[in-house]
Amino acid sequence: MASSLSQAQLVTALNLRMLVTRWQSAAVTVVGIAGVMIVLIGVFSIYEGFRTALDLSGSPDVAFILRGGSSDEMQSGLSLEESRVVGDSPEVARAAQGPVLSPEIFVNVDVPSRATGISMMVPMRGVGPQAPNVRAHFRWVAGRMLTPGTNEIVVGRGAAAQFAGLDLGKELKLGSNRWQIVGIFADAGGVAESELWADVTVMQGVFQYGNGFQSIRARLASPAVFGEFKDRLTTDPRVNLRVLTEREYLSFLSRGLRAIIMSAGVAIALLMGVGAIFAALNTMYAAVAARTREIATLRALGFGAFPVVVSVLAEAMLLGVAGAVLGGCIGYLAFNGVQTSTLNMVSFSQVTFAFRVTAELLWWGLIYALALTFIGGVLPAIRAARLPIAGGLREL
Amino acid sequence: MLRFLPLLWASLRRRSLRSVFTLMSIVVAFLLYGVLEALRFGFFGGVEAAGDNRLMTTHRMSIVRELPGSYLGKVHSIPGIRQVSAQVWFGGWFRDERNQLQVIAADPETLLEVYPEIHLADTEKRAWIADRTGVIVGKNLAGQFGWRVGDQIPLQQSIPYKSDGNTWAVTVRGIYVQDGADNRGMYMQYKYLDETRVWGRGRIGWMVPLLETPTDAARISREIDALFANSPAETKTASEKTWVGDFAKQVGNIGLMLSAVAFAVFFTMLLVAANTMAQSVRERTNEIGVLKTLGFTNGTVTWLVLLESLALTVVGGTLGLALALVLTQAMKPLLNSFVPLFQIPGYAVALGFGLMILLGLVAGALPAARAMRLDVVEALRSG
């Protein structure tokens, strides 16, 4: 066995040195695998970006409260009394100004897209002064927080990039109302970055909400007290509430779209993979045909069948690695960080997000490329091992 | 032409395994092309089905904000408007929250007048109008749940419209077929919703005005919006086509992304096919020399190589498109709630055949040129 392994090394090294003479057909496999990799990265970087915007931005120690029986914010309604009951719960974290919670209103407003000028349904949220403190990764990019009771608004980084006129210091006209933009904020790519924020009491007046809210976000003292907090509120006879963690709620929002992207991505990757296997099969059969004489000579000199098989597979998988690296680089440069927005079918509003090419995605791409070229190399490798020696030597 | 067929067949069978693999990769490419086109049509196909002579009037802020019911009469009295259908989104689900329904509440008579493409038997139409709790159901939705005329169905609804629970009992009064639509919708009576709900009474979601002549669309849109300017609920009116198109664009650059994927696939397949052809011609240098010696002209030899490449792409492409048709039909029930119009449109099939020919010609071009320029003496000596 030891000699068989050292033979395999020898034959493989010899073969790879000869690869340059067959570069044209090898290049086809490399480009084919690179194509698969680029498409794979393109589709799944959308998935990753969307996942960052929705699932991962929700924190487990922020509670999200809706009216009992409502599945999302659009259908929910809460009273001032209910927000007081929530604020009185001992599990809610406290700051100098009182409980760390933000009663909120959610509406969609039309703002034109920067790229196309077409009106997009952009989420606008009425928030309490504590809103930045109930978002895990909140930070200011420019400007400052809005002053309660005024028509000042602050804008998420994603919204500012995608929609026209959302620049610091500018005035935004929505219907008959004018809003002054005083700040731009970031939330680590989270869903809040798609939103415009105004003071919740001002929005109650403008959008005829009386003194009602649609949701409450509350920061808990720790993630561990969520169970107690939920039990307390759902058994309190004074209120009818549905209590979730922010993470649960955001994951529910993105469920439909994530399922589409995932299934489309898997289907496209599998189909392209099958195409690439055929390309690899052609290349490797051609390679074996070109090496007929060389292989026969080696066999006649006493080399076994195993080293020949290894050398063919090694060649195929080397081409796979080359293709994966090439495709990975192109895919990373082309897609990583591309800012875009799409429609969230639950809230009927735009979610902005950036494509994300993660190390994990590149790693899986490489493994997939190796698997494809391995499959494409097996049959030609077996043929190479079975080549008749005498006939092969006679070949041109 | 036909007499060359055996020669063509022989050259494809010369390395039959290679021909089969190339053919299969072309099959896969066109299968993917077909599915991507179906997906694109699913997202943007609604634009073609939208009526020319209908407008869409929504709340200026957003379609999810309701309008006062009094707007209906005001819009109807504008000259040039034949009829207006007021609609409210009901949504809801059947049995399980995952079976989300597209239920819209509307007045039956004006609805059917504004949408002449909704076909409903006269007896069913009369039965629906007569029953306040009646609904009409799209053919495909009825098929999915096995609903028949006369069936009682409980709709569930998370918007707390009612004081007593969230179940709405409705009776199927008709099953409709709407041209150019997915036929998975349901219409209930606006009266039933409005009389039952405890809040928001008298309000409507949006209006669909039907015009006397489509050419008036821009002028009448401006007139409607001017009517409600500076009121608490300003409106935004556009032709239904524009509205559906803009709504599709909300989804983002999906069309562009799908085209990019299709392009990547094509480029890859082009390379694979071109490489196979080049290899095959290189190996047959000697044979082509013999053909030329036997009196085949340069033109004929070129054509033979091109035909070989075309045969691969057209046969592979046709198989791929056929598979895509079967696959999209099979996938349709799974994707219905997200991409209702999931099917390969006719123009995409036509374009597909165009692409097969283009692919075959481009892939065969270089090898064909090589075969044409091949010097007989050189070629024979290389054997």
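Residues numbered from 1 in each chain as written. Chains lettered and ligands numbered in written order. Predicted model: local features only at pLDDT ≥ 70, side-chain atom pairs only at ≥ 80, totals over all residues.

(A) Representation of the overall build of chain A within the structure. In terms of regular secondary structure, chain A is built from eleven helices and 14 strands. What you see for chain A is a C-alpha radius of gyration of 30 Å, clearly larger than the 21 Å of a compact globule of 396 residues, by over 25%. With the principal axes as the frame, chain A shows a C-alpha extent of 95 × 45 × 30 Å. Looking at chain A as a whole, 48% of its 396 residues are labelled buried. (Helix = DSSP H or I, 4+ residues; strand = E, 2+ residues; numbered from the N terminus. Rg over C-alpha atoms; globule rule 2.2 N^0.38 Å. Buried ≥ 20, exposed ≤ 12 C-beta atoms within 10 Å, placed from the backbone.)

(B) Spatial organisation of the overall build of chain B. Helix and strand counts for chain B stand at 15 helices and twelve strands. For chain B, the residues scored as buried account for 39% of the 383 residues in total. When contacts within chain B are restricted to residue pairs at least 6 apart in sequence, those whose partners lie at least 24 apart make up 81%. (Contact = placed C-beta atoms within 7 Å.)

(C) Just the domain arrangement of chain B, in detail. Domain annotation of chain B identifies domain 1 (2-46 + 252-382) and domain 2 (61-233). Here the C-alpha centre of domain 2 of chain B lies 49 Å away from the C-alpha centre of domain 1 of chain B. (Domains from an automatic or database assignment.)

(D) Quick peek at the interface of chain A and chain B. Listed as interface residues are 45 residues of chain A and, on the opposing side, 39 residues of chain B. Every element with two or more residues in the side of chain A that touches chain B is listed here: helix H2 (23-53), strand S4 (101-112), strand S5 (119-127), helix H7 (246-290) and strand S13 (339-344) of chain A. Looking at side-chain class alone, the side of chain A that touches chain B contains 23 nonpolar, 21 polar and one charged residues. (Nonpolar A, V, L, I, M, F, W, Y, C, P; charged D, E, K, R; others polar.)

(E) Region of the structure containing helix H9 (residues 217-227) of chain B. All names here are of chain B. Considered for burial, the residues of H9 that qualify are Ala-217, Ile-220, Ser-221 and Ile-224. Viewed end-on, H9 has its buried residues packed into an arc of 105 degrees, placing them on one side of the element. What points out from H9, more than 90 degrees from its buried face, is the exposed set Arg-219, Arg-222 and Ala-226. Looking at the buried side of H9, the elements it contacts are strand S1 (55-59), helix H4 (71-76), strand S3 (81-89), strand S11 (206-211) and strand S12 (235-239). (Arc of directions from axis to C-beta.)

(F) Broad picture of the pairing of S1(B). Residue and element names in this part refer to chain B. For S1, the tally of buried residues reaches five of five residues, placing the bulk of the element in the interior. Here S1 runs beside S12; their pairing, made up of five bridges, is antiparallel. Counterpart to His-59 in the pairing with S12 is Thr-235. (Pairing = 2+ DSSP bridges.)

(G) Spatial organisation of the environment of Gln189(B). Residue and element names in this part refer to chain B. Its location among the elements puts Gln-189 in strand S9 (residues 185-189). You can call Gln-189 buried: it has 23 C-beta atoms within 10 Å. Separated by 101 residues in sequence, Gln-189 and Val-88 place their C-alpha atoms 9.9 Å apart. Discounting residues that sit within four places of it in the chain, Gln-189 has contacts with Ala-105, Pro-108, Arg-132 and Gly-134.

(H) Region of the structure containing the domain arrangement of chain A. All names here are of chain A. Looking at the assigned domains, one finds that chain A contains domain 1 (2-55 + 254-394) and domain 2 (69-239). Averaged C-alpha coordinates put domain 1 and domain 2 at centres separated by 47 Å. Contact with domain 1, which involves 14 residues of that partner, is made by 17 residues of domain 2. Residue assignment for the side of domain 1 that touches domain 2 shows that the elements contributing at least two residues are H2, S13 and strand S14 (349-354). It is S14 that contributes the most residues to the side of domain 1 that touches domain 2, six residues altogether. Looking at the side of domain 1 that touches domain 2 residue by residue, the classes come out as seven nonpolar, seven polar and no charged.

(I) Fine view of the packing of H7(A) against helix H10 (residues 359-386) of chain A. Residue and element names in this part refer to chain A. Contact pair H7 / H10: the axes reach a minimum separation of 8 Å and the direction vectors enclose 35 degrees. As H7 packs across H10, the resulting crossing turns out to be right-handed. Residues Gly-273, Ala-276, Ile-277, Ala-280, Leu-281, Met-284, Tyr-285, Ala-287 and Val-288 of H7 form the contact with H10, whose own contacting residues are Tyr-368, Leu-372, Thr-373, Ile-375, Gly-376, Gly-377, Leu-379, Pro-380, Arg-383 and Ala-384. Residue classes in the contact of H7 with H10 are distributed as 14 nonpolar, four polar and one charged. (Axes fitted to C-alpha atoms, helices over the stretch in contact; angles between N-to-C directions. Left-handed = near helix turned anticlockwise from the far one by under 90°.)

(J) Molecular detail of the environment of Gln350(A). Residues and elements named next belong to chain A. Looking at the secondary structure, you find Gln-350 in strand S14. Residue class for Gln-350 comes out buried when judged on the 25 C-beta atoms lying within 10 Å of it. In this structure, the C-alpha to C-alpha distance between Gln-350 and Ser-3, residues 347 residues apart in sequence, is 64 Å.

(K) Spotlight on the nonpolar core. Ile153(A), Ala218(A) and Leu32(B) are the most contacted members of the largest nonpolar core, which has 156 residues in total. Top element by residues in this core is H7(A). It accounts for 20 residues. Leu32(B) has contacts with Ile268(A), Leu271(A), Met272(A) and Val265(B), leaving out every residue within four places of it along the chain. Of all hydrophobic cores here, the second largest spans 48 residues; its members include Ala86(B), Ala142(B), Met186(B) and Trp206(B). (Core = buried A, V, L, I, M, F, W, Y, C linked by C-beta atoms within 7 Å.)

(L) How the structure looks around unusual backbone geometry. Residues and elements named next belong to chain B. Phi at Arg-95 takes a positive value of approximately 65 degrees, unusual for a residue other than glycine. Examined against the element boundaries, Arg-95 turns out to sit in the loop between S3 and strand S4 (102-106). The residue Asn-230 is not glycine, and still its phi comes out positive at about 65 degrees. Along the chain, Asn-230 falls in the loop between H9 and S12. Asn-230 sits in the exposed class, given 8 other C-beta atoms within 10 Å.

(M) Layout of the confidence of the model for chain B. Of the residues in chain B, 93% reach a pLDDT of 70 or more, and the chain-wide mean stands at 85. Scored as a complex, the prediction yields pTM 0.74 and ipTM 0.70. (pLDDT = per-residue confidence, 0-100.)

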